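A closer look at the structure
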Amino acid sequence: MRAPIRVGVGVLVIENGRALLVKRRNPPSANMWSLPGGHLEPGESILEAAERELEEETGVRAKALGIIDITDLFVRDQNGALATRYVIIDVIADPIDTSRLKAGSDAMEAKFHSLEEILSLDLTPSTRKFFEKLLSRGFCQIYPSNVTIMENIGLG
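1. Focus on the packing of aromatic side chains
The tally for this structure, following the rule as stated, stands at one aromatic pair. Aromatic pair Phe130 and Phe131: ring centres 5.0 Å apart, planes at 85°, arrangement edge-to-face. A residue is classified by how much of its surface remains accessible, and Phe130, at 3% relative accessible area, is buried.

2. Points about the side chain of Glu44
Take Glu44: it is sitting in the loop between strand E4 (37-39) and helix H1 (46-58). Of note is the side chain of Glu44, whose polar atom sits 2.9 Å from the backbone nitrogen of Glu41. When sequence neighbours within four positions are dropped, the list of residues in contact with Glu44 reads His39, Ala49 and Arg52.

3. Description of helix H2 (residues 125-137)
In a regular helix each residue adds 1.5 Å, so 13 residues correspond to 18 Å; H2 covers 18 Å between its end C-alpha atoms and thus fits that length. Residues Ser126, Thr127, Phe130, Phe131, Lys133 and Leu134 constitute the buried set of H2. Buried residues of H2, viewed axially, fall in a sector of 160°; they line one side.

4. Brief notes about H1
Owing to its 3.6 residues per turn, the α-helix brings residues three or four apart onto one side. The first and last C-alpha atoms of H1 sit 18 Å apart over 13 residues, in line with the 18 Å expected at 1.5 Å per residue. Buried within H1 we find Ala49, Ala50, Glu53, Leu54, Glu57 and Thr58. One side of H1 carries all its buried residues, which in axial view fall inside an arc of 130°.

5. Concerning unusual backbone geometry
In this structure, the amide linkage connecting Pro27 to the following residue, Pro28, adopts the cis form with an omega of 0°. Here Pro28 lies in the loop between strand E2 (18-24) and strand E3 (33-34). Its identity is not glycine, yet Asn16 carries a phi of approximately 55°, on the positive side. Even without being a glycine, Ser29 presents a positive backbone phi close to 65°.

Cut-offs used in this document
Residues numbered from 1 in each chain as written. Predicted model: local features only at pLDDT ≥ 70, side-chain atom pairs only at ≥ 80, totals over all residues. Heavy atoms only, no water. Phe/Tyr/Trp six-rings, centres within 6.5 Å; stacked < 30°, edge-to-face > 60°. Buried < 20%, exposed > 50% of the residue type's maximum accessible area, 1.4 Å probe, protein only. Helix = DSSP H or I, 4+ residues; strand = E, 2+ residues; numbered from the N terminus. Polar contact = N/O pair within 3.5 Å; in protein donor to acceptor, adjacent residues only side chain to side chain. Contact = heavy atoms within 4.5 Å. Expected span 1.5 Å × (residues − 1). Arc of directions from axis to C-beta.

See below:
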């Protein structure tokens, strides 16, 4: 059986030196902080998906400005077999309205964190890699990340 390939977006919103993160409710990497985001819908552009997923997951409205990173994420089961491959396209967005900030159904929490504290949080592996690159190299330098995680994935 071939593992499915899923394309998703992550959205970086920075306001007053703080980045918006969500605590994931569902696997992979449940209970860890990540950029808000989700899967692309058929017929939807990357930037449209970023704006929609951001609002669904956090209540925040923003204007997607462009792509700032790409991650190849390989999720493996407990036996090491490839369960799912994600291509995550990270987008930077300019906040329009953050007054309705609240966690959506896919998130346990939604909160702005200072850039200084980000790397001390319990981040998903791909989010950690993203912020390590961002904080050391800055914007506009896309070097695709290759991330593999092991997860106990049920078949039911």
